[in-house]
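An overview of the molecular structure
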Amino acid sequence: MRRTRLREGLVDVDGARIAEAMEELRHRSKATLHDRLHRVRTAFGLALQAGLAAGLSYLVAHRLLGNPQPVFAPISAVGTLAASVGQRFRRTVELIIGVAVGVAVGDFLIYLLGTGAWQLGAVVTAAILLTIFAGGSVAIVIQAAATAVLIVTLKPSTQNIEIPRFVDAAIGGGIALLVTALLLPLNPLRVINRAARPALDLLSQQLDACAEALRRRDRQAAQQALFRLRENKEELAALSEAIEGAKETTTISPARWHRRSELTHYAEAADPIDRAMRNSGTLIRRSVTMIEDEEPIPEPMPDAVAHLAESVRLLRHEFAAGEEPEKARERSLRAVSEAGRAYSEGVGFSGSVVIAQVRTTASDLMVASGIEQEEANRLVRQSFGEKEQRTGETTEQSPAPKPPTAPPVG
């Protein structure tokens, strides 16, 4: 019967749905592979550093210091590099302090209580409570507890484990810093560019999706863009961690000292990018409400949101190329100008909030590009000002809504 219907010229609805589902599946597969390759490229330098530090720490502890089984040295080196990107010097100090506490507590309680299962539990509990009482960080607590476990479990079969454990921790952490600072320092700007790409791509893509949803009055598409933008914690955390790691590299690595001034600009851009993310979330959420309430959507409004998306893309490109982000700034102001045109044509309550959020997000992007906050706000007001003046003149003739004032610009 199905073949008969198809021969008679009826539309195969199920076939269209299956084709759409398969196309979405292929798109997701490509996106997943792309994301995985991007993560590999981002972590490649760190993996090389960890491998080099592990090998060197083993050689130093085994060949130079004569430790027949230098297990803790490479473990300490890898832990220093991998566990706290951006805080490796502090991580090394915490590693050594934690080992010292674990050795002291373990030896003292073994001398009093002996060894065994309940003694092991008592030693670990005492080491954790002591480090917490002293105000130690989570890293110190973990190292103290782990060292206490090793002391209790290995001491009956291995003599004089305390000093090698302490020395190995110092060697591993020290060599990790040596690799980071001198032997294989990463390019801090390249690290930040790779970390910033997912966050900025996510923002630009969802702003584009919102603009298209406004053009088509597609509530579901706008809602989906909002959901995707809200899942930005991982991207922002990666960017923040990369900036901290780059700061550390330019501090301890002489080969990267000349990058300090450039890094300052990137570091200052992190907060306004985070604000642009949050303000864009409000923009998209209000766009959903505007479509639901069937408010008027002037033609320039979707264009304003699309210009914001393009501004984000230009900002990422100009950052990566090391150029002054003039094009990104110009596109942000164009978004504000289009928002002013949309307002002059007439909007509802949610529409006025969307326009205010266009202005606020544009201001955030201007600040991220290196403009001072007051100057960015002035430029945004100037780009929107002529429309405000015309709106004010028409207000005397007809009861048009006042220019949007909440949330404030910047």
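For the structure itself, consult the block above.
Overview of the structure.

Reading the values: the criteria
- Residues numbered from 1 in each chain as written.
- Predicted model: local features only at pLDDT ≥ 70, side-chain atom pairs only at ≥ 80, totals over all residues.
- Heavy atoms only, no water.
- Phe/Tyr/Trp six-rings, centres within 6.5 Å; stacked < 30°, edge-to-face > 60°.
- Helix = DSSP H or I, 4+ residues; strand = E, 2+ residues; numbered from the N terminus.
- Buried < 20%, exposed > 50% of the residue type's maximum accessible area, 1.4 Å probe, protein only.
- Lys NZ or Arg CZ within 6 Å of the ring centre and 35° of its normal.
- Core = buried A, V, L, I, M, F, W, Y, C linked by side-chain atoms within 4.5 Å.
- Contact = heavy atoms within 4.5 Å.
- Expected span 1.5 Å × (residues − 1).
- Salt bridge = Lys/Arg side-chain N within 4 Å of Asp/Glu carboxyl O.
- Axes fitted to C-alpha atoms, helices over the stretch in contact; angles between N-to-C directions.
- Parallel < 35°, antiparallel > 145°, perpendicular 65-115°, else oblique.
- Left-handed = near helix turned anticlockwise from the far one by under 90°.
- Nonpolar A, V, L, I, M, F, W, Y, C, P; charged D, E, K, R; others polar.
- Polar contact = N/O pair within 3.5 Å; in protein donor to acceptor, adjacent residues only side chain to side chain.

Scanning the entire structure with this criterion turns up one aromatic pair. Their ring planes at 45 degrees and their centres at 6.4 Å tell us that tyrosine 343 and phenylalanine 384 sit as a pair that is tilted. Of the two residues, tyrosine 343 sits in helix 13 (residues 326-345) while phenylalanine 384 sits in helix 15 (residues 373-395), which places them 41 residues apart along the sequence. Summarising the burial analysis for this pair, tyrosine 343 and phenylalanine 384 share the class buried. Here arginine 359 stacks its cationic end above the ring of phenylalanine 384, 4.6 Å away from the centre of that ring.

Burial of nonpolar side chains together is a common tendency in soluble globular proteins. Leu214, Leu283, Met301, Val305, Leu308, Ile355 and Val358 are the most contacted members of the largest nonpolar core, which totals 59 residues. Sorting the residues of this core by element identifies helix 8 (188-216), helix 9 (219-230), helix 10 (233-252), helix 11 (260-292), helix 12 (300-321), helix 13, helix 14 (349-368) and helix 15 as the ones contributing at least two each. Per-element accounting of this core gives the leading share, 12 residues, to helix 8. Contact partners of valine 305, with chain neighbours within four places excluded, come to Leu207, Cys210, Ala211, Leu214, Leu283 and Val358.

With 20 residues, helix 13 extends 29 Å from end C-alpha to end C-alpha; this agrees with the ideal 28 Å at 1.5 Å per step. Among all positions of helix 13, only Ala328, Arg329, Ser332, Ala335, Val336, Glu338, Ala339, Gly340, Ala342 and Tyr343 are buried. Looking one or two residues beyond helix 13, the residue adopting positive phi is glycine 346, at roughly 110 degrees.

This paragraph deals with unusual backbone geometry. Phi at arginine 217 takes a positive value of approximately 50 degrees, unusual for a residue other than glycine. Mapping arginine 217 onto the fold places it in the loop between helix 8 and helix 9. Although it is not a glycine, glutamate 294 adopts a positive phi angle of roughly 55 degrees. When you line up the elements, glutamate 294 lands in the loop between helix 11 and helix 12. The exposure class of glutamate 294 is exposed, given its relative accessible area of 66%.

Once that is clear, we can look at helix 12. For helix 12, built from 22 residues, the straight-helix expectation of 32 Å at 1.5 Å per residue is met to within 8% by its first-to-last C-alpha distance of 31 Å. Downstream of helix 12 by a residue or two, glycine 322 has a phi angle that is positive, lying close to 70 degrees.

We now examine the pattern of salt bridges. Tallied over the entire structure, the rule returns 16 salt bridges. Between glutamate 292 and arginine 219 there is a salt bridge, with its nearest N and O atoms 2.4 Å apart. Taken as a pair, glutamate 292 in helix 11 and arginine 219 in helix 9 lie far apart in primary sequence, 73 residues in all. On the accessibility criterion, arginine 219 (36% relative accessible area) is partly exposed. Here the residues in one salt-bridge network are Glu212, Arg215, Arg216, Asp218 and Asp303, joined through shared partners.

Time to look at the packing of helix 13 against helix 14. The relative placement of two packed helices comes down to the angle between their axes together with the axis-to-axis distance. Remark: helix 13 packs on helix 14, axes separated minimally by 9 Å, with the N-to-C direction vectors making an angle of 170 degrees. On the basis of their axis angle, the class for helix 13 and helix 14 is roughly antiparallel. You can see that helix 13 and helix 14 cross each other, and the crossing is left-handed. Counting all contacts with helix 13, which are made through Arg329, Ser332, Leu333, Ala335, Val336, Ala339, Ala342 and Tyr343, the residues of helix 14 involved are Ile355, Val358, Arg359, Ala362, Leu365 and Met366. Looking at the contact of helix 13 with helix 14 residue by residue, the classes come out as 11 nonpolar, one polar and two charged.

Let us look at the side chain of glutamine 119. Among the secondary structure elements, glutamine 119 is positioned in helix 5 (residues 117-133). Exposure remark for glutamine 119: the relative accessible area of 7% places this residue in the buried category. There is a polar contact of 3.2 Å between the side chain of glutamine 119 and the backbone oxygen of leucine 113. The residues contacting glutamine 119, other than those within four sequence positions of it, are Leu113 and Gly114.

A few words now on the side chain of glutamate 338. Structurally, glutamate 338 can be placed in helix 13. For glutamate 338, a relative accessible area of 13% puts it in the buried group. When near neighbours in sequence (up to four residues on either side) are disregarded, glutamate 338 contacts Pro300, Asp303, Ala304 and His307.

Spatial relationships are all this shows, so hold off on functional conclusions.
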